Every structure is written in C-alpha cells, then in structure tokens.
Amino acid sequence: MHVKKYLLKGLHRLQKGPGYSYKELLVWYCSNTNTHGPKRIICEGPKKQALWLLLTLLFAGLVCWQWGVFVRTYLGWEVSVALSLGFKTMDFPAVTLCNASPFQYSKVKHLLRDLDELMEAVLDRIVAPEPGRANGSRTLNLTIWNHTPLVLIDERDPRHPVVLDLLGRDNTLNGSAHSSPAPGRTCSAQECKVAMRLCSLNGTACAFWNFTSATQAVTEWYVLQATNIFSQVPRQDLVAMGYSAPRMILACLFGTEPCSHRNFTAIFHPYYGNCYIFNWGMTEKALPSANPGSEFGLKLVLDIGQEDYVPFLASTAGARLLLHEQRTYPFIREEGIYAMTGTETSIGVLVDKLQRMGEPYSPCTVNGSDVAVQNLYSDYNTTYSIQACLHSCFQDHMIHNCSCGHYLYPLPQGESYCNNQDFPDWAHCYLDLRMSVALRETCISMCKESCNDTQYKMTISMADWPSEASEDWILHVLSQERDQSPNITVSRSGIVKLNIYFQEFNYRTIEESAANNIVWLLSNLGGQFGFWMGGSVLCLIEFGEIIIDFLWITIIRLVAFLRSLRQRRARAPRDSPPPTVAELVEAHTNFGFQPDPASQAEGYPHGQPLPIPGTPPPNYDSLRLQPLDTVESDSEGDAI
C-alpha cells in the first residue's frame, strides 16, 4: 500500500508540475543549510550578498581542489616500507652446487670431434693471419662452418668494407665474392672486427654479430654450435656424460651431523650439466640451523675434475653455487657465484624477508596464477619466481617466431629444440630475439615479482687450502676415501672447500604498508571541508538532497514539455480555415424532414414505413445532475 501511495503521489506530481521553481529551492537551501556562507547570501544587502557569494564560491573551489589532490594521492597507491629485526631459529637455505664444466670431455669427445677440429683451425687462422702459415693439412667437416661461419670485417676502407672468411673466402658487403683471399689481404685485430655471420632464408638475409675480441667471438661461436649438438642428444645420455655426485662431493658435514652425496637432490641444468641441491625441501622438512657461526653451518669438499674439462666450452674453472629458498628452482646462471679451486671459501649469510602488499599497491603475485605467461618450470614442482616467468616468456616467443625452443629453457608439450638440420634459420632468429629491446620490455611488463620473497645476502672470504704443510696428507686421504688408491688421484687445482653458515640469527623483514589508507583520506577530506566552509557530513547530505530535488524538478518539467509537444503534434493540420458555426448548422439541418437514404438502405427492409424524424432533445453537460459527493475537489487531488 505504501508503494502504491508513493507512486500515486509521484504520478500526480508529474501531472501537475513542480511545486517549486529553481529559485525557490535555492533560497530554501540557503536559509536552512548548516554550511557557513550560504545563509549570508540571502540575509545581507546587495553589496554584502555579492561579497559573500564570491567568498562562498572561492572557498568551495578551494575545497574541491584540495579534495582532488587528496583523492589523486590516495589513488596513487603509494606504500611505505617498514624495516624490522627478528631473532629466531631459521631454516637453513637450499644450496645448489654445479661444476663450471657441464660435461666430462672424455665422454663427449666423440660428439664434439668435428667442432673441435674447426675450432683449432679457426684459432690457427687467428694466430697465424697469413694463409700460408696456417695448418692446412687436416680435412675439415665444413657443414657446421658453412651454416654459421666466423668472419673478419675489414673496415680499413670505410666506403668499401670487406668480409673475410676465416677459413678461405672473402666477399664485399655488396655481394661480390672470391674463392680465396686476395694477395696480402690480411688485417690485425685492431684493424678488423671479428664477427659471426648468421643467415636465414637460404642465405639471402644475413646479420653479423660483432665482437671486440677474438676470444669472445670464438667462445660464443663454440657455445652456439655445441648447443646445436647437445639439443639432439637425449636427456638421460646428457646426464650420464656429466659429473656424478660421488665423484664431485668428497666430504660433507652439516653442523655436527655427517652427510654425503645421498643428501643431495640431482637436477640437470642445460648450461652447467649435473647440479646437486642440499636441503631443497621437496621430500623432507627443511633443516634448521641451531646457532650462528661457522661450526653450525654446512662444510663441503668438492672435486671439480678440472683435468677433464671441455677445453673450448668451459674456460672458467671452479664450482658454481647458489643459496635460495626451499622449493624454488635454482637459476644459478643468473644468480650464482663461483668458488675458486685451491681455496677455502667461507660464506656468511644474512637473511632479508620481503613482504609486498600486492595489487593495487605493488605489481606482485602470490603464486603466479594471475600472470599471463605459462610457467614452463612447473614440472619441477617449484614455486613461482620472476626468473621462471622471464625465461618462460622468452621461450614462448622463441617457439612462436622460430618454430622451435632454445636448448637452455624447458619445452612446452609437443615442441622440439632448435637444431641446424630441422630448423636451419634458428640461429638468426635467436639472435634477433636476444637483441630485441621490445621483447625484453614485453616480458618484463607481463611478469611480476613474488609478493613474499627471501633473499640471502652473502659475505665471502677466501684462504688458500690446503696449505703447503698439509697438502700432501689431505690429498692422500681424499684419494683413499674416493678411489681407494694409495696414490694421489686428486689435485690442488681441482678441489674446493666450502663453509656456509649464518653470520647471525638476526633477520630483517622489509614489509610494505599503505602510505594513504581510507582513514587518512576521510580525515583529510573532512578537515579541508570543515576548515574552509565549516561543514560536516550532514552538510554534504543536505547538499545531496538539494541536488536530488533539482533533478526531480527537471524531470517533471521535461515530462510536461514532452506531453505538450505530443499534444501539439496530435492535432491534424488544416489546409483551409476552420468552418464557422453557421456553416456547421447548415450542413446538419434537414429542412424538409426527408428520410436519410443511407439509414433506409441499411436499417429498414423494403416496404416498411420510416419513422417520422423529430428534433432531438438537448444534450448539455450543464443539465446533467450528479451528486455533490462524487465531484473530486482540488484539495483532495492535492492530498493524493
């Protein structure tokens, strides 16, 4: 009933029109509002009215400007960072160990034979620039070389630079070629640029990857060709060619508890081969550290087997290690450090825990589910990290643009790794993607940091180990333990001692919090409104009420205007002036009282007499009698 009553009132208001004008409503608001200023506009004289109107509008503008500033600041989602220190027993970090050489040369030599011969010929050509001085007696398999050769770019004549093939031919950059270098056409490293030529589309489109040093050029060229070879070898065969855990891990001690290679989890890293992770936390609970100090940490003795390194693939000797959280994939190439052979490396660890707020304050993710990049490292059952996202993004673009995946990154289901036989243009495509700034920016914009992260800050110190006085007996004992040999089978140049421990049990928590919350926003909005105009929340409600009334009056007037417009359109247009009263009376008068032929044809059968027409009685509304109680009064209509 109440809803019907309100609807009837609204309908009646629409029919009758607004009860107030805009001016009357504004005067009523100024007389009754609690806001300072509007009352003085209608109570003072003309001059003061103008002054108070100007002041009220000025202060209202200041309030709106200040509100805009505060709202914009709040919507900026700024954060404040709080640093706190804690003290408790902490879980020891996961420790990943790799060898600088991914494979043992004795096991991969048959795969790299042709590549090594090409490498030796290239080095002979670089060391002996004169073609006659280079060793030309060996027979080379030029299949790999013809696909991606190394060249010298002779720029002594800048207008006509010449590209010199290191193994026998030269051609200018405009396409002319010769079967052998021209007499005397040699140049030194200062005069020529060493470059790698990468071609696509059957050699019609080529690019040159320039280097400032021949060492960098031949190293990158060898790594690229080795990648092509290893990408075609099954993973289980690659694992068998790497360094095994019993051979690499000679001694292990965690705190006061002995450990061995069985306490490590093995994974295969495409760049470093077999890697081993201590305290990864995949199948067992993470190990805690009882106290800070070197005696409560992890002590390791490693043998990297430097004598069996791949000579052109691993130019650095040592152990690569990384400290990271449990259940996270170790991106040891990007984040790891080297430990030098023949030394004891002590690593003191400090822990920083980062806690970001997340959207909309920080562009971070909790588990990576809201990142628009497929995590290719999910098969390892590890948590999300931004490095995993960036590598997955690059591999996705590699597959999309080059139709194959790079050997260093995991593959999606159903895809294959790049190689020269199946994808002859992959190296050129890979170089374009690697040099693309737009691709890096795209991947960075798509990937997010993890909202909760733990970082391990390391303090590293080194000392010679073993010392000259103890070298003999230590090497004898290590050889006896690993190989059961009375002779020394390990060398000083191949062993590494590591000592990893918590430097102190204080850990730092870096936590984000909202710099401007909703309480800050409301207090500042209210403070500015109260300071400039003496208002409150009730004054805002009053202002909202007057706005609603303004809208209601506008709607009523608009409905009335549309109704009158429709009535005017409903009137039929007349081509001639309307008839007068005399003309209308004459047209409807039957002076002879003759029968109407139309009525005769329609209403009466043939042969029957027609009724005699007569004058009809008057039909005036003023003669109609009605009870007084049925007449609707204006007051009652207003009550409705």
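Rules used throughout
- Residues numbered from 1 in each chain as written.
- Predicted model: local features only at pLDDT ≥ 70, side-chain atom pairs only at ≥ 80, totals over all residues.
- Heavy atoms only, no water.
- Axes fitted to C-alpha atoms, helices over the stretch in contact; angles between N-to-C directions.
- Helix = DSSP H or I, 4+ residues; strand = E, 2+ residues; numbered from the N terminus.
- Parallel < 35°, antiparallel > 145°, perpendicular 65-115°, else oblique.
- Contact = heavy atoms within 4.5 Å.
- UniProt positions renumbered as here; feature names shortened; annotations may be inferred.
- Pairing = 2+ DSSP bridges.
- 1 Å grid on protein atoms, 1.4 Å probe; cavity = no way out; pocket = protein on both sides within 12 Å on 5 of 7 lines; lining within 4 Å.
- Points joined across faces, edges and corners; volume = space filled by probe spheres on them.
- Nonpolar A, V, L, I, M, F, W, Y, C, P; charged D, E, K, R; others polar.
- Domains from an automatic or database assignment.
- Disulfide = S-S within 2.5 Å.
- Salt bridge = Lys/Arg side-chain N within 4 Å of Asp/Glu carboxyl O.
- Buried < 20%, exposed > 50% of the residue type's maximum accessible area, 1.4 Å probe, protein only.
- Expected span 1.5 Å × (residues − 1).
- pLDDT = per-residue confidence, 0-100.
- Core = buried A, V, L, I, M, F, W, Y, C linked by side-chain atoms within 4.5 Å.
- Polar contact = N/O pair within 3.5 Å; in protein donor to acceptor, adjacent residues only side chain to side chain.

Engineer: I'd like a description of the packing of helix α2 (residues 22–32) against helix α17 (residues 537–570), backed by residues and values.
Structural biologist: Where α2 meets α17, the closest approach of the two axes is 11 Å, and the angle between their N-to-C directions is 170 degrees. It follows that α2 is roughly antiparallel to α17 by the angle criterion. Contacts between α2 and α17 pair Y22, L25, W28, Y29 and N32 from the former with E542, F543, E545, I546, D549, F550, I553, T554 and R557 from the latter.

Engineer: Quick one: what's the story with the UniProt feature "transmembrane region" (unreviewed entry) in the protein, residue by residue and with numbers?
Structural biologist: Under the UniProt annotation, "transmembrane region" (unreviewed entry) lies at residues 50–70 and 546–565. Helix makes up 100% of residues 50–70 and strand 0%, with an end-to-end C-alpha separation of 30 Å. Overall, residues 546–565 shows 100% helix and 0% strand. The separation of its end C-alpha atoms is 29 Å.

Engineer: Break down the sheet that holds strand β14 (residues 319–324) for me, citing the residues and quoting the values.
Structural biologist: Either a parallel or an antiparallel arrangement is found when strands of a sheet pair, and the pairing is made through backbone hydrogen bonds. Taking strand neighbours across the sheet as the criterion, the five strands line up as β11-β12-β2-β14-β15 in an open arrangement whose pairing is antiparallel. Since the sheet does not close on itself, it has two edges, and those belong to β11 (264–269) and β15 (337–339), each with one partner. For this sheet, the mean angle separating the axes of adjacent strands, direction not counted, is 30 degrees. Inspection of the sheet shows β11 paired to strand β12 (residues 273–278) by six bridges, in the antiparallel sense. Following the sheet pairing, F268 is matched in β12 by N274.

Engineer: Outline the layout of surface pockets, listing residues and values.
Structural biologist: Computed from the structure, the largest pocket encloses a volume of approximately 1,200 Å³. Looking at the lining of the largest pocket, the elements that each hand over two or more residues are α8 (214–230), β11, α11 (332–335), α12 (386–402), α13 (426–435) and α14 (437–446). Among the elements that line the lining of the largest pocket, the one with the most residues is α8, at seven residues. In terms of residue class, the lining of the largest pocket is made up of 34 nonpolar, seven polar and seven charged. Counted as a void, the second largest pocket has a volume near 710 Å³. Every residue lining the second largest pocket is counted, 29 residues in all, and those nearest its centre are E325, E335, S385, D453 and T454. Going through the elements one at a time, β14, β16 (343–355), α12, β18 (449–450) and β19 (452–464) are the ones with two or more residues in the lining of the second largest pocket. Top element by residues in the lining of the second largest pocket is β19. It accounts for seven residues. The residue makeup of the lining of the second largest pocket, split by class, is eleven nonpolar, eleven polar and seven charged. Each of domain 2 (86–104 + 244–360 + 460–515) and domain 4 (363–450) accounts for three or more of the residues forming the lining of the second largest pocket.

Engineer: Can you explain the state of the cysteines? Please cite residues and give values.
Structural biologist: By the definition in use, this model includes eight disulfides. Across the disulfide, C199 is cross-linked to C206 (sulfur-sulfur distance 2.0 Å). Given an S-S torsion of about 105 degrees, the disulfide between C199 and C206 has right-handed geometry.

Engineer: Now, about the pattern of salt bridges: what can you tell me, with residues and values included?
Structural biologist: The tally for this structure, following the rule as stated, stands at eight salt bridges. A salt bridge links R508 to D352; its shortest N-O distance comes to 2.7 Å. Within this pair, whereas R508 is found in strand β20 (residues 495–514), its partner D352 is found in strand β16, the two being separated by 156 residues in sequence. Judged by its relative accessible area of 3%, D352 is buried. Between R482 and D483 there is a salt bridge, with the nearest N and O atoms lying 3.2 Å from each other. One network of salt bridges, with partners in common, ties together D303, R482 and D483.

Engineer: How would you explain α17 if you had to name every residue and give the values?
Structural biologist: Because an α-helix completes one turn every 3.6 residues, residues spaced three or four positions apart along the sequence face the same direction. Counted at 1.5 Å a residue, the expected span for α17 with its 34 residues is 50 Å, and the 50 Å between its end C-alpha atoms agrees. Within the sequence span of α17, burial applies to C539, E542, I546, I553 and I556.

Engineer: Which residues make up helix α4 (residues 46–75), and what values do they have?
Structural biologist: A rise of 1.5 Å per residue sets the reference length of α4, with its 30 residues, at 44 Å; its end C-alpha atoms lie 43 Å apart and thus fit the reference within 8%. Lining the buried residues of α4 we find α3 (38–43) and α16 (518–533).

Engineer: Tell me about the confidence of the model for the protein, residues and numbers included.
Structural biologist: Averaged over the protein, the pLDDT score is 82; the fraction of residues at 70 or greater is 81%. Contacts of residues 630–640 to residues separated by more than four positions or lying in other chains number seven contacts, the stretch itself having pLDDT below 50.

Engineer: Quick one: what's the story with the nonpolar core, residue by residue and with numbers?
Structural biologist: By size, the foremost hydrophobic cluster in this structure holds 73 residues, and its most contacted members are L150, W221, Y222 and W426. When residues no more than four places from it in sequence are discounted, the contact partners of W221 are L115, L118, M119, W145, T148, P149, L150 and M196. Judged by nonpolar contacts, the second largest core, of 36 residues, contains A245, A339, V351 and Y507.

Engineer: Help me get a handle on the packing of α4 against α16, residues and values and all.
Structural biologist: Direction vectors running N to C along α4 and α16 enclose 170 degrees, while the axes themselves pass 9 Å from each other. When the interaxial angle is binned, α4 and α16 end up roughly antiparallel. Touching T56, F59, A60, L62, V63, Q66, W67, F70, V71, T73 and Y74 of α4 are I518, W520, L521, N524, L525, Q528, F529, W532 and M533, all from α16. Along the lines of polarity and charge, the residues of the contact of α4 with α16 split into 15 nonpolar, five polar and no charged.

Engineer: Could you give an account of the side chain of N419, naming the residues involved and the relevant values?
Structural biologist: Summarising the element assignment, N419 is placed in the loop between α12 and α13. One polar contact links the side chain of N419 to the main-chain amide nitrogen of Q421, over a distance of 3.1 Å. A polar contact is formed between the side chain of N419 and the backbone nitrogen of D422, at a distance of 2.8 Å. Setting aside residues up to four positions removed in sequence, N419 forms contacts with N228, S231, Q232, P424 and W426.

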